[in-house]
Every structure is written in structure tokens, then in C-alpha cells.
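What the coordinates show
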Amino acid sequence: MKKIMMQALAKAGDVLEVTFSKDFYIRNQKSFVLYEDGIPLRKLLPVSQSESGSSYLYTLFTKGVTYRPGHIYQIKTTENYFIPIDISFLAMTPAFEEKYRFDGPLGALYQKDKTTFRVFSPFATSIVLKLQRKGEYSFRSYVMERNDENGIFETTVEGDLDESRYCYSAKIFGEINDVVDPYAFGLGHNSLYGYVIDPKKVYRISTDDNQLPPYRGRQSSIIYECNVRDMTSLSDIEDKDTYEALSRDGLKTKGGLPMGLDYLSSLGVTHIQLQPVLDFRTIDDDDPSSSYNWGYDPAFYFAPEGSYTKNPDDPYERIVELRSLVGAFHRRGLRVVFDVVYNHVFSHLHNSLSLLVPQYYFRHNNDGTLSNGSGCGNDLESRHYMCRKLIIDSLLHLVDFYAADGFRFDLMGITDIETMKKAYEEVEKKKKDVLFYGEGWDLWTNLPADEKATQYNSSKMPFAAFFNDRFRDVVKGKTGESELGVKGYLSGDTNYRDGFKHVFLGSSVALAFAPMFKDAGQSLNYVECHDNHTLYDKLKRCCPEESDAELFRRIKMITVAILTSCGIPFFHAGQEIGLSKGGIGNSYDAGDKVNGFDWKLLDERKSLYYFFRDAISICKRMEDLIGDQREELGSLISFENLPYGAIKVNYNLKDFSIYILFNPTKHSFTYSFDDYSQLIFNETGNVEKADFYVKLAIVNGLSVSIYLSRRENK
């Protein structure tokens, strides 16, 4: 039978719209009666009546009516039909936001002899906890008690409920929905239920934080972005695509090079940034190979993604595997950055947040429509107290359960500055050396410009670093599909030489461009990330006449520029060996063959791999030589223009000088130093042990070289 549609929506405090489907005959309604909790309040007369092809619409004025969340409001028709009234507009009002707040813990709060369940849902008139204990075949129901002051529902169930699955059956505006707890620490396959988790079981898995080397500051960090699935998807190892597979050591390519965890730890980077590992929507946990997605379609913010685990229906499996993966990285001296997506959810209509508190967690435009700066149909309203709490609680949980060492914030410009500040303050209390950075793009979300966590407001967020798109575009050229043919400095357009000087100094000096940052440590220097084309594919488009050998020389130059510029170096998996995505820019769902790390290609291009390791090694060697002059480094660097558009970077330090010569042209020339300088690095890699000194250097085309000049040699 087709469902009869009768709806009542409070548009504001004094306007009510009642809609009837034409599929159900209703004679002309001359009056209605407004009810609260079954008691008539007043008679209402329509002030307007209209119709569309499928429905009739009545507009009523309700001036003087004060709706109270948690109470049942209905409109009665002439035929005595009672229609529930949706009063979710209140969630967008300051009064609602200021009243309904709670600072305590939410979710399933486990103790050995009892568990307290606590959920935020001010509009709900009733919520029933549906609980299935481990080993039982049916669910038991427990009525939750409502706190009218803060909109919290709570109940405590006696007994050991570890691994019990549960959901909330919430009645809101006359409709009952089963809702998974947005604070669930554990989930079953495809996130159908939340699970009660005993934290003590999780803490038994060591994360080996004590194996990490001392943190030397954010400009000493070298970040490498990768995806859990991509790092093993193109291998033939057991349980590939999982947390466990990536945490396994001793893996080798057919050519004898390290794979997976061993490969990552061999590079010399300091931080591994994992693309989203919190639960996302669009992969079938029971058949993950049937589809592919990066995971920027979040569903839940406290439980790991199930498609990356061997057994998605075991609530502990994914938790233990992810925590173990972090421990494996830590034992290798690698810190772990979690890529978090607090700017939108996959579907706001079907997300637990909307089902429990309609309209509240999402930002709206002035006309009441959803703000969509994310381009995903919704933006989280981070300024709302309980949404801000959700974000901060999630970050703290990632530090607590998974020993996170840093966070990369997707579309960070959607979030407000105050939320980012409070989040950093709270997280830093738990982990002093935490790294905060994100995409500071200025997006069209309904948030005042001076409140957005964008790169333009970097001075208000000194604790955060920002992806430097100016560095990206100056060094390699534009990234848009229609601009792939546009070159940057190191891809051959020497007109960008002064711009290169600017970005080399962390975009913090007025040289060629206005400064982006007061502190170069806020500049995250990159040319490739998961978004857009790979560096190799970009170079193929803007340098179509060049051979692979020539493109590889450009990749080497760019690698050294990223590592030696002021700021934080950032690399994407495969960038170091010229990995291609077949010319696909946005490959978020393009599958394993496009996105997976090609271990066969690593064997073929092992010289690029060795160069990358050497480049990181020489970068760390330079950092040791610079020592306590690091903070003033920007003022100690100068530049010298060389023939044909090449450039020499001078580090003018107390006891020695370091010179880096970049030649992005195909012209070779000679350069005369003031005194003998030691060649320590060139396009072949680290040559410091050769003890080779020159006064007249040959600067090859498409080359980078580094020289060391000690004061005692002068």
C-alpha cells in the first residue's frame, strides 16, 4: 500500500506549512487545531492555500506559539487526522544552541559490571536503547531517561556488556528511526550497529611511543602520505589491502627491495600520513574488492574503517589492527598522522547526527538551505557547541586509542578558527609534539571570512601549518585540468625564478609575492598529494617533448627543493619514483590499478628510490650542520642568479656555507666559487664520502647539486 503523505513543517516561530498528498483525498481544510502533548492549544485558520501536481499546501500563522524541544506537537485536520510537526528549525537558532550543551562523555561508557549509554538528542520525545548481549540471539529494550536541561538521554545497564551490539530507537517528530551511536567506539560490518568496547583490552596493544626519536620541531618533519589499501593492493601478499598487511615486516619486491612497512621505514621520512581510516560509507565491508574509495566520505568519527580489516564483523579486529599498525610505525621511529574529515559527511540525511538532532550539526545559508562549501552537499557547523565537542572528542579519542601523532584536516577552511584553536589546546595537553596542518583553502561556506581556518588567517593559527599551493604552482606549474600544460620554475619556466626564491623561503618574505605566513614553519611544501595529477603525469603534460630520463631529472630537482626549502616537506606515495595514474586527476574511486603502489615499477626505477633516500639523508645532514640557527634560517639564506635562468641558494651560516645550485634548463655552464667547496650531493645522490672539492664547477642541464664550504678552507 502506498504511504499516505501528510506533513507539517514549522518554518519559523510564526509560520507552519501543512502538506497533503493528492494520492489521499482531503476535502478543503477550513481550519486546523494545534496540539502540544495531546492537549489542544489553539485553532488555526489557513492564510494561504496552493497546490502542485502532487500535493496541496496550507500556510498557517502561529504567532505567539513557543515550541519546546522534547515535546510532541501535532496539527489536527477536520477529519481528525493528527500530523506530527517538524520543529527542527529551532536547531538553527542561537537560543537552542546556547541551551542544549553537555560537557561530559558520550557513547557507551563501559565498566566491568555496568555500562552507561548517553546520547545527545534534544528533539527526541523518547529513545529506547536496543541491546543485544554477546552470545544472545535477541535484543532487549531499555527506556532512556531524558534530561530536559541539556537534551541528553541516558540509561545504565547492569552486567558485563563487552562486545554487546546496540543502537538507539529514537522517536522524533512522530517518526521512529533506529540510529547507530555517533560516538560508537566499535562497529560491525557496514556500520549496521555500534558495539560496546572495553578500553582496557585496547590498551593492552602497545603503541611503543617510547621507540620514537626526539621530536625536533615541525620544520624537521618530513611527511609521506599513503593509503592503507594502496600500499599492498598491487602485491600478492596474504590479506592485502588491510591494516595488518601494512604492519607486516620482511616483505620484498621481486627485485629484492623492501615493500610495505619496510619500504616506508627505509625512506628516512619522519611522519606517515594515512589517508582516512575512520569509518566511511561507500565501500562494502563484506566485499571490499568490489569497489574503491579514498575514504573522504565519512560516516562515523570514532571507529576505524571496516574494509581495511580481515574480519569486519568483529568489533575489536579493526581497532586492534589499526592500533597495532601505529605501533609498528612507532617501532620504526615513524610518527603517524591521521587524515581527518570534519568538514562534511557522506549523506547528511542518513547520517546519525541528522537523525538524532535534525539540522543542528550542519551549516545553513541565510535562506535555510544547506551550506555547501565542501562541494559534498553539506558543511559541518563547527561553531555549534556539540558539533565542536564532537570534533574535539574525536581527536582526543584518536590520540587515546590510536596514539595519533598529528592530524591533517581535510578542507580545513570549512572549520572555524575557534574550533581549531580549542582542538589544538586540548590535544596538546595529551600529546605535546602533535602536528596540526590542513587544507586552508577559502571555500564558499557560510562562515565570515575572518572566522575561517584558511591560509589567509594563518596569523591567527600559529600552531597550524597549511598546504602551500603557491609553492606547488611555482615549482611545478598549475594543477587544473585546463592548465596542465603550464610550467613552473623547475619544470622549465625560468620566469618563475623570483617566485621560486619566495616559496623557498616558506612564502614568509615579501619577495616577488606578498607573504602568506609570518612563520615559514606554517608552510607545508608540496607538489603532489592524493588530489590532482601525479607529478610525473603533470610533467608529461607540460614537458611533452622530454624523455623519461629528462623528466626523472626534474623529479630529482623538485625532491631536493621540497626538502631544502624553509617549511615542512610533504610527499605523496610514489612521487619519488614517478608513479603515474594514467593521466587521471581525481582518482578517488578509480580502483586499485590506478591508485595502488606499483612495486614492479619500484624495481625498474630503483635509482630514483635510492636518490630519494639520499636526498632525505643529505637534508638531515644539513639540518645537523645548521643546528641552533634553524629559527633564523630565513634571514641567513640569499640567492644568486645564474646563467640561463638557473639559481644558486646560499646558506650563510656561522662556521660554513651551503650552496644549492638548481638548473632547470637544458643548458650547461661553469660556475666559479670564491674558494674550494666540497661537492656533497648531485643528481646521482650523496657523494660526500668522495671528498671531492672544486673551485670551478660544471653545472649540467637539468641538475641539482649541493656544496659545502667550511670556514677553515678560506
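Preceding this section is the structure that the text describes.
1. Focus on the overall build of the protein chain
Along the backbone of the protein chain there are 17 helices and 33 strands. Radius of gyration (C-alpha) of the protein chain: 29 Å, near the 27 Å computed for a compact globule of 714 residues. Considering only C-alpha atoms, the protein chain reaches an extent of 100 × 55 × 45 Å along its principal axes. The 714 residues of the protein chain split such that 60% are buried.

2. Re the packing of aromatic side chains
Overall, the coordinates contain 55 aromatic pairs when judged by the stated rule. With centroids separated by 5.9 Å and ring planes inclined at 55°, the aromatic side chains of F96 and Y360 adopt a geometry described as tilted. Separated by 264 residues along the polypeptide, F96 in helix α1 (residues 94-99) and Y360 in the loop between α7 (352-356) and α8 (385-402) bring together distant segments of the chain. A relative accessible area of 4% means that F96 is categorised as buried. Here Y360 falls in the buried class, since its relative accessible area comes to 0%. Ring pairing ties together the aromatic residues F96, Y100, F120, F123, F173, Y360 and Y361, which thus form one cluster. Between K22 and the ring centre of Y56, over which it is positioned, the NZ or CZ distance is 5.3 Å.

3. A short note on the pairing of strand β15 (residues 165-172)
In regular strands, side chains alternate between the two faces of the sheet. Counted residue by residue, β15 has six buried out of eight residues, so it is predominantly covered. When strand β11 (residues 126-132) meets β15, the two strands line up antiparallel, connected through seven bridges. Considered in β15, the bridge of I127 is made with A170. Bridging between β15 and strand β16 (residues 175-179) involves five bridges; their strand directions are antiparallel. If you follow S169 over to β16, its bridge partner there is D178. Taking the residues that link successive antiparallel strands as the turn, the β15-β16 hairpin has two residues, and the phi of F173 there is positive, at about 55°.

4. Considering the side chain of T59
With respect to the element layout, T59 can be found in strand β6 (residues 55-61). Setting aside its immediate chain neighbours within four residues, T59 contacts V15, L16, E17, P46, V47 and S48.

5. A word on the pattern of salt bridges
For the coordinates displayed, the defined rule picks out 45 salt bridges. Across the salt bridge formed by D592 and R229, the nearest N and O atoms sit 2.9 Å from each other. You can see D592 sitting in helix α14 (residues 592-595) and its partner R229 sitting in the loop between β19 (223-226) and α3 (230-233), a full 363 residues away along the chain. Taken together, the shared-partner salt bridges connect K134, D162, E163 and K201 into one network.

6. Considering the environment of S347
Looking at where S347 falls in the secondary structure, it is placed in the loop between β21 (335-340) and α7. Reaching out from S347, the side chain makes a polar contact with the side chain of H350 at a distance of 3.0 Å.

7. Focus: the sheet that holds β21
A barrel is described by the order of its strands in space; here eight strands give the closed sequence β19-β20-β21-β22-β23-β24-β25-β26, paired in parallel fashion. Neighbour-to-neighbour, the strand axes of this sheet turn through a mean angle of 30°, independent of strand direction.

8. Focus: the environment of R383
Mapped onto the elements of the fold, R383 is located in the loop between α7 and α8. Relative accessible area serves as the criterion here: at 29%, R383 is assigned to the partly exposed category. Sequence-wise, R383 and D416 are 33 residues apart; in three dimensions their C-alpha atoms are separated by 6.6 Å. Separated by 2.9 Å, the side chains of R383 and E381 make a polar contact.

9. Details of the sheet that holds strand β4 (residues 39-44)
Taken together, the eight strands give an open sheet; going across it, the order is β4-β3-β7-β8-β1-β2-β6-β5, and neighbouring strands pair in mixed fashion. Of all strands in the sheet, those with a lone pairing partner are β4 and β5 (46-51), marking the two edges. This sheet shows a mean twist of 25° between the axes of neighbouring strands, independent of strand direction. With three bridges joining them, strand β7 (residues 73-76) and strand β8 (residues 82-86) adopt antiparallel strand pairing. Residue pairing across strands places Q74 opposite P84, the latter belonging to β8.

10. Quick notes on the packing of helix α13 (residues 548-564) against helix α16 (residues 606-626)
Close contact between α13 and α16 brings their axes to 10 Å; oriented N to C, the two are set at 25°. Taken together, the axes of α13 and α16 lie roughly parallel to each other. For the pair α13 and α16, the sense of crossing is right-handed. Counted together, F552, K556, T559, V560, L563 and T564 of α13 and L608, F611, F612, A615, I616, C619 and M622 of α16 form the full contact between these two elements. When its residues are assigned to classes, the contact of α13 with α16 shows 10 nonpolar, two polar and one charged.

11. Digging into the state of the cysteines
Enumeration according to the criterion identifies zero disulfides in this entry. Here C226 stays free of any disulfide, with the sulfur of C529 as its closest cysteine sulfur at 14 Å. Cysteine C387 shares no disulfide, and the gap to the nearest cysteine sulfur, in C376, comes to 15 Å. Classification of C387 by relative accessible area gives buried; the value is 0%.

12. Comments concerning the side chain of N351
Looking at the secondary structure, you find N351 in the loop between β21 and α7. Take N351: its relative accessible area is 5%, and that puts it in the buried class. At 2.9 Å, the side chain of N351 forms a polar contact with the backbone nitrogen of L353. Every residue in contact with N351, bar those within four places of it in the chain, is listed here: P298, A299 and V345.

13. A word on α13
Between its terminal C-alpha atoms α13 stretches 24 Å, which fits the 24 Å expected from 17 residues at 1.5 Å a residue. In terms of residue burial, α13 counts as a mostly covered element, since 13 of its 17 residues are buried.

14. Description of a negative patch on the surface
Among the surface-exposed residues, D284, D286, D287 and D313 lie close enough to one another that they form a single negatively charged patch. Of note, D286 is situated in the loop between β20 (271-274) and α6 (315-331).

What counts, and at which threshold
Residues numbered from 1 in each chain as written. Predicted model: local features only at pLDDT ≥ 70, side-chain atom pairs only at ≥ 80, totals over all residues. Heavy atoms only, no water. Helix = DSSP H or I, 4+ residues; strand = E, 2+ residues; numbered from the N terminus. Rg over C-alpha atoms; globule rule 2.2 N^0.38 Å. Buried < 20%, exposed > 50% of the residue type's maximum accessible area, 1.4 Å probe, protein only. Phe/Tyr/Trp six-rings, centres within 6.5 Å; stacked < 30°, edge-to-face > 60°. Lys NZ or Arg CZ within 6 Å of the ring centre and 35° of its normal. Pairing = 2+ DSSP bridges. Contact = heavy atoms within 4.5 Å. Salt bridge = Lys/Arg side-chain N within 4 Å of Asp/Glu carboxyl O. Polar contact = N/O pair within 3.5 Å; in protein donor to acceptor, adjacent residues only side chain to side chain. Axes fitted to C-alpha atoms, helices over the stretch in contact; angles between N-to-C directions. Parallel < 35°, antiparallel > 145°, perpendicular 65-115°, else oblique. Left-handed = near helix turned anticlockwise from the far one by under 90°. Nonpolar A, V, L, I, M, F, W, Y, C, P; charged D, E, K, R; others polar. Disulfide = S-S within 2.5 Å. Expected span 1.5 Å × (residues − 1). Patch = residues over 30% accessible without salt bridge, like charges linked within 9 Å, V, L, I, M, F, W, Y side chains within 5 Å. Areas by Shrake-Rupley, 256 points an atom, 1.4 Å probe, with all protein chains shown as cover. Lys, Arg positive; Asp, Glu negative; His and termini not counted. Charge placed at Lys NZ, Arg CZ, Asp CG, Glu CD.

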